[in-house]
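Summary of the model geometry
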Amino acid sequence: MTTSTPKLDVDPLSLPDARGHFGAYGGMYVPETLMTPLFELTEAYHKARKDPEFQKELYHQLREFAGRPTNLYYAERLSQHCGGAKIYLKREDLLHTGAHKINNALGQSLVAKRMGKKRIIAETGAGQHGIATAAICAKLGFECVIYMGEEDMRRQSLNVYRMRLCGADVRGVSAGQKTLKEAVNEAMRDWVTNVRTTHYIIGSALGSHPFPMMVRDFHRVIGEECRRQIMEKEGRLPDEVTACVGGGSNAIGIFFAFLKDYEVRLTGVEAGGREIKPGHHAARFEGGQLGVLQGAKTWILQSPEGQINLTHSVSAGLDYAAVGPEHAYYQEKGRINFGYATDSEALKAFEDLCEIEGIVPALETSHGMAYLMKRAQEMSSDQIIIGNLSGRGDKDVQEAARVLGDDLSH
Ligand SMILES: *Cc1c(COP(=O)(O)O)cnc(C)c1O
């Protein structure tokens, strides 16, 4: 079986344009007061990106503090279990603080330091972005405030405590559904008020320009390492690369290096929740529409009147109504395919990965793993599929026990 995907008519590196457009998607849909700070940030970032000193410092810290490069691991038993393609896992779960999030938190905080900012704020859903940001703020000596929906604080109480141990001020948000969307609103409000002293580290490839570009660039290291590692181990490119998609940062991070390798199929996996019915899932390409949310034009789950739908996923990190604009662009071009996994499929993959490989994946990651295992079965033994193991599941153990009906008390 050979797969071939449509050729791109632009160089992925030329995107986005100066106003943050990926074709029809992206842009800068923000209040007037934020335009100047966003342009200042864009300029500071472009200067940093070109500065060898900045790159040297970034790669130094990625190695020394974050633990890069991460291994590309041959999952031999999982491959045998599925009985199809050879399965490799990119071990972002082995990074410091437990997920890919640290790549971006580190990169953006180094930009903030160059800009002379003293204070860093962030939103968090699963808590992984919050803990990565809190850890780096401790290390670099920034004041740190993390906004988090109260429902997410309940689901991720251990991560809340970890952030506090690292000196972060974690502020609960009780508006609306009490999850990620409301936390982003609160962080935006803070930023508008304190923009002179404060940098806002967005945790995914979302929001107004320049965030989707910056976040993507700081995660591109995943795919660059992965491409080199598979060439070393197998002497050829994989047939498919797959990743779970919340906002889309771990996915664009691993996909980017393969975008022009047209023989490599790229598949993003969204959260199918309980089922694909409004309010019961977070799969934006299943039943979403083009709209604007929190700074960018992209695929959004909303009512015909433009009210943002409720979303649901067993994993807090995928529970968001909008997808990153760069994914919307490559979906339209046919270069990135999208599928989804339901809560119960993700939980099954979570258990399988624990039992078969001794790896406890994050519930977000488990969505990607559910697709990967199904897909590997359809492929032949001379094919290779790579899954991005975006994070570890330590934070999810209590929630998994609760939904699987296991009692932790004895
Ligand atoms: C946050 C998170 C995600 C979802 O975010 P993306 O920006 O889509 O990568 C996925 N996996 C893990 C482990 C996470 O912490």
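With that out of the way, let us pick up the overall build of the chain. Counting its regular elements, the chain contains 14 helices and 14 strands. Projecting the C-alpha coordinates of the chain onto the three principal axes gives extents of approximately 55 × 55 × 50 Å. Residue pairs in contact within the chain that sit at least 24 positions apart in sequence constitute 74% of those at least 6 positions apart. Of the roughly 15,700 Å² of accessible surface on the chain, a fraction of 49% belongs to carbon and sulfur atoms. Both charge centroids of the chain, one from 48 positive and one from 52 negative side chains, sit 4 Å from each other.

The next point concerns empty space enclosed by the protein. Under the defined criterion, the tally for this structure stands at four cavities of 30 Å³ or more. Its boundaries defined by the atoms lining it, the largest cavity holds a volume of some 380 Å³. Surrounding the largest cavity, 34 residues form its lining, Lys101, Gly203, Ser204, Gly247 and Gly317 being those nearest its centre. The set of elements that each furnish at least two residues to the lining of the largest cavity consists of β5 (119-124), α5 (128-140), α8 (180-194), α10 (249-255) and α13 (363-378). At three residues, α8 tops the list of elements feeding residues into the lining of the largest cavity.

A few words now on the domain arrangement of the chain. By a widely used convention, the size of an interface equals the accessible area lost when the partners come together. The domain architecture assigned to the chain consists of domain 1 (30-63 + 101-208) and domain 2 (68-98 + 212-404). Between domain 1 and domain 2, the C-alpha centre-to-centre distance is 22 Å. Each partner contributes to the roughly 3,600 Å² buried at the junction of domain 1 and domain 2, and carbon and sulfur atoms together form 59% of this total. Broken down residue by residue, the surface that domain 1 buries against domain 2 is led by Asn103, Arg155 and Ala205, which jointly contribute 18%. Scanning the region where domain 1 abuts domain 2 turns up one salt bridge. Between aspartate 217 and arginine 49 there is a salt bridge; the shortest N-O distance is 2.4 Å. There are 12 residue pairs in polar contact (both at pLDDT 80 or more) connecting domain 1 and domain 2. Mapped by element, the contributors of at least two residues to the side of domain 1 that touches domain 2 are α1 (32-50), α2 (52-66), α4 (101-114), α5, α6 (150-155), α7 (157-165) and α8. Sort the elements by how many residues they give to the side of domain 1 that touches domain 2 and α4 lands first, with seven residues. Residues belonging to the side of domain 1 that touches domain 2 are distributed by class as follows: 20 nonpolar, 16 polar and seven charged.

For strand β4 (residues 86-91), a buried count of five out of six residues is recorded, marking the element as mostly surrounded by other parts of the structure. Judged from the three bridges that link them, strand β3 (residues 72-74) and β4 form a sheet pairing that is antiparallel. Each residue of the ladder has a partner; that of leucine 72, found in β4, is lysine 90. Where β4 meets strand β14 (residues 384-389), six bridges bridge the pair, whose relative direction is parallel. Looking at β14, one finds that isoleucine 87 is bridged to isoleucine 385.

The ligand sits among 19 residues. The nearest are Lys101, Ser204, Gly246, Gly248 and Ser249. One of the side-chain N or O atoms of histidine 100 is found 3.1 Å from an oxygen atom in the ligand. At 2.5 Å from an oxygen atom of the ligand is found a side-chain nitrogen or oxygen belonging to serine 204. Of the pockets mapped on this structure, the ligand occupies the largest cavity. When contributions to the shell around the ligand are tallied by element, the ones reaching two or more residues are α10 and α13. Partitioned by chemical class, the residues of the shell around the ligand number five nonpolar, 12 polar and two charged.

What counts and what doesn't
- Residues numbered from 1 in each chain as written.
- Predicted model: local features only at pLDDT ≥ 70, side-chain atom pairs only at ≥ 80, totals over all residues.
- Heavy atoms only, no water.
- Helix = DSSP H or I, 4+ residues; strand = E, 2+ residues; numbered from the N terminus.
- Contact = heavy atoms within 4.5 Å.
- Areas by Shrake-Rupley, 256 points an atom, 1.4 Å probe, with all protein chains shown as cover.
- Lys, Arg positive; Asp, Glu negative; His and termini not counted.
- Charge placed at Lys NZ, Arg CZ, Asp CG, Glu CD.
- 1 Å grid on protein atoms, 1.4 Å probe; cavity = no way out; pocket = protein on both sides within 12 Å on 5 of 7 lines; lining within 4 Å.
- Points joined across faces, edges and corners; volume = space filled by probe spheres on them.
- Domains from an automatic or database assignment.
- Buried area = accessible area lost by both parts, 1.4 Å probe.
- Salt bridge = Lys/Arg side-chain N within 4 Å of Asp/Glu carboxyl O.
- Polar contact = N/O pair within 3.5 Å; in protein donor to acceptor, adjacent residues only side chain to side chain.
- Nonpolar A, V, L, I, M, F, W, Y, C, P; charged D, E, K, R; others polar.
- Buried < 20%, exposed > 50% of the residue type's maximum accessible area, 1.4 Å probe, protein only.
- Pairing = 2+ DSSP bridges.
- Near = heavy atom within 4 Å.
- Sits in = over half its atoms within 2 Å of the grid points.

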